[in-house]
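Summary of the model geometry
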Amino acid sequence: MLSSVIIAKGLFLATAGSWVTSGILLASVYKRLNTLNKQQAQQISQLQQHQKTLRAHLEALRQQAEPLMIREVSAMQQIPAEKGTKSAFLQGLLKSNLKLQQDMKLIS
Amino acid sequence: MPATFQVGIDLGTSRSTITTSTGRRFTTATCVGYCKDVIARKRFGRDYLLGEEAVANRLALNVVWPLAEGVVCEDDAAVEATRLILQHLLAQVLPERQPGDQVYAAIGVPAQASLRSKKIIVQITQPLVDKLLIVSEAFAVAYALDRFDECLIVDIGAGTTDLCRMHGAFAEEEDQVTLTEAGNYLDQILHDAILQKYPDVQLSAGIVRTIKERHGYISDMTGPVIVQLTRQGIPAEYDLADVLQHSCLQLALPISRAIQTLVGSFDPDFQAALRHNIIIAGGGSRLQGIDKAIEKSLAAYGGGRATCVDDAEFCGSIGTLKLCADMPDEYWEQLYIEAP
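Given the structure is predicted, the values throughout are model-derived calculations rather than measurements. (Residues numbered from 1 in each chain as written. Chains lettered and ligands numbered in written order. Predicted model: local features only at pLDDT ≥ 70, side-chain atom pairs only at ≥ 80, totals over all residues. Heavy atoms only, no water.)

Digging into the overall build of chain A
The condition is simple: Going along the chain from the N terminus, every DSSP run of H or I of four or more residues is numbered as a helix, and every run of E of two or more is numbered as a strand. For every residue, the accessible area obtained with a 1.4 Å probe (protein chains only) is divided by the maximum for its type, and the residue is called buried under 20%, exposed over 50%, and partly exposed between those limits. The method behind every accessible area is Shrake-Rupley, applied with a 1.4 Å probe, and residues are considered shielded solely by the protein chains displayed.
When helices and strands are tallied, chain A shows 2 helices and 0 strands. Across the 108 residues that make up chain A, the buried fraction comes to 14%. Per element, the accessible surface of chain A, about 8800 Å² overall, is 65% carbon and sulfur.

Printed below as a string of structure tokens:
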């Protein structure tokens, strides 16, 4: 009788012990998983930030390069805007404004 | 001794900008908000608010946007509002102006603005400045960039899109096109398209404009464009990627067609040069991919190159200021538009 009580107590203690061990292990696994998730989120955020910086850099490079390209095309195809050219445009503008003045007199 | 100031003004449907020979520049929303009642008048201590202040307090105001399709509306309220805005612009940038000082101004107007609209602008501006020059907006952009030969200026504003073909001589009427497909047109299309996809969301003109300015694109981007909107007051996130792209394309198409017409009717020896020197200015130049969309539309014509200006907001007023500054005194003397 006594021996069966001792065996039962022994079994109970062993089972409880294994539950506690499993619990501790499980908690440790969850903790590790949580840490990994956090690390992963941090890395994704860093990568996104990096991607954003690269995109901005790429856009800046594109904007810098395009006027240069335009200037190259212009250099080949266009006569630089000299003082004489500007004067001709200003004269044209004066004429159009003088005409506008005349036309405005005609309408009420 | 009285001083002479030169100012360049870009009076736009949505925003107006001014740049001066003293190095100052200023931009504001082109609107005036009149107090709705005595409570509002007491709260603000004035009869009206201008620009951003009017937009921010619009619930207590009757807001007037005096320019439609790039020109001043012909009613008295619009004329008065335009006068107040011009007065505000000048006061902001020329605080040192003394009685007797001279102000020479150049104002940009849509390329094909009617004679009557130009006359209204002149009448409004007359009491505020001493000499006045009326300039086509697209031409002002070309002048700002020093681009006079074989290039095509596309100035996408809120009320109009102005195109001007530059070929080393003063641009004539046949070199210029004004389209009403511009920023406000896109706002309307975007508004309708969002409501078609999400019928219950709550939209205002300001919300639509903000979405367009933050997310508007035409390029072949993939991925969602998530925007927070409300439905019966409950905020939720909505994907507007396809709506935005499709709507922005609706603006790019008529512009591309107008470019093709101007290129196609140009001297064939110089068409390639014109196609390769397309300059996009105005608020619409901020739409992501507009340059690429225009280039793509020119593929059938032998390809082309389009570039967006760096300073979309001030490019027009910088050009008008440069014109003002370069105009010789003897030319100014011939212009009788003087303060009474």
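Topic: the packing of helix 6 (residues 183-197) of chain B against helix 8 (residues 241-264) of chain B
Residues and elements named next belong to chain B. Going by this rule: Axis definition: a line fitted to C-alpha atoms, limited for helices to the stretch in contact. Angles are taken between N-to-C directions and run from 0 to 180 degrees. By definition in this entry, angles of less than 35 degrees are roughly parallel, angles greater than 145 are roughly antiparallel, angles of 65 to 115 are roughly perpendicular, and the rest are oblique. Should the near helix be turned counterclockwise from the far one by less than a right angle, the crossing is left-handed, whereas a clockwise turn marks it as right-handed. A contact between two residues is defined here by any heavy atoms of the two lying within 4.5 Å.
Between helix 6 and helix 8, the least distance of the axes is 9 Å, while the angle of their chain directions is 150°. By the angle between their directions, the pair helix 6 and helix 8 is classed as roughly antiparallel. For the crossing formed where helix 6 meets helix 8, the hand is right-handed. Facing Y185, L186, I189, L190, A193, I194 and K197 of helix 6, the residues of helix 8 in contact are D242, V243, L244, S247, C248, Q250 and L251.

What to know about the interface of chain A and chain B
Here is the rule we go by: Buried area is a sum: the accessible area each of two parts loses on coming together, probed at 1.4 Å, counted once for each and added. What makes a salt bridge here is a side-chain nitrogen of Lys or Arg within 4 Å of a carboxyl oxygen of Asp or Glu, nothing more. Here a polar contact means two N or O atoms within 3.5 Å. Within protein one must be a hydrogen donor candidate and the other an acceptor candidate, and residues neighboring in sequence count only if both atoms are side-chain atoms.
Contacts between the two partners involve 29 residues from chain A and, on the opposite side, 38 residues from chain B. Buried surface at the junction of chain A and chain B, summed over both partners, amounts to about 3200 Å²; 64% is from carbon and sulfur atoms. When the shortest N-O distance is used, the salt bridge between A:K86 and B:D146 registers 3.5 Å. For the interface between chain A and chain B, the tally reads 3 residue pairs in polar contact (both at pLDDT 80 or more). Taken together, the elements giving at least two residues each to the side of chain A that touches chain B come down to helix 1 (2-77) and helix 2 (83-106) of chain A. Tallying contributions element by element places helix 2 of chain A first for the side of chain A that touches chain B, with 17 residues.

Some points on the sheet that holds strand 6 (residues 61-64) of chain B
All names here are of chain B. Definition in use: Two strands qualify as a pair provided that DSSP identifies no fewer than 2 bridges between them.
Overall, antiparallel pairing links the 3 strands, which are arranged 5-4-6 in an open sheet. Looking at which strands have only one partner, the edges of the open sheet turn out to be strand 5 (48-50) and strand 6. Pairs of neighbouring strands in the sheet enclose a mean axial angle of 25°, with direction left out of account. The pairing of strand 4 (residues 32-35) with strand 6 spans 4 bridges and is classified as antiparallel.

Notes on a nonpolar patch on the surface
We count it as follows: Within the patch definition used here, like charges are joined within 9 Å and nonpolar side chains (Val, Leu, Ile, Met, Phe, Trp, Tyr) within 5 Å, considering only residues with over 30% relative accessible area and no salt bridge.
A surface patch of nonpolar side chains, about 340 Å² in accessible area, is lined by A:L26, A:Y30 and A:L33. With respect to the element layout, A:L33 can be found in helix 1.

Things to note about the environment of B:K296
Within the fold, B:K296 resides in helix 10 (residues 290-297). A residue is classified by how much of its surface remains accessible, and B:K296, at 57% relative accessible area, is exposed.

A few points about unusual backbone geometry
All names here are of chain B. Residues other than glycine seldom take positive phi values, yet D146 does so here, at roughly 60°. Tracing the sequence through the fold places D146 in the loop between helix 5 (137-145) and strand 11 (151-156). With a relative accessible area of 33%, D146 lands in the partly exposed category. Here E150, not a glycine, exhibits a phi torsion of approximately 30°, which is positive. Mapped onto the elements of the fold, E150 is located in the loop between helix 5 and strand 11.

Quick word on the environment of B:L128
All names here are of chain B. Turning to its location among the elements, L128 is positioned in the loop between helix 4 (115-125) and strand 10 (131-136). With a relative accessible area of 10%, L128 lands in the buried category. For the pair L128 and V103, spaced 25 residues apart in the sequence, the C-alpha separation amounts to 8.3 Å. Filtering out sequence-adjacent residues up to four positions away, L128 remains in contact with R83, L86, Q87, L90 and R97.

With respect to the pattern of salt bridges
Under the criterion given, the structure shown has 18 salt bridges over all chains. Of the charged contacts in the structure, one is a salt bridge between B:R15 and B:E52, with a shortest N-O distance of 2.7 Å. Here B:R15, found in strand 2 (residues 15-20), pairs with B:E52, found in helix 2 (residues 51-56); they are 37 residues apart in sequence, far enough to count as distant. We classify B:R15 as partly exposed; its relative accessible area is 33%. Bridged by salt links that share partners, the residues A:K86, B:D146, B:K322 and B:D326 form one connected network.

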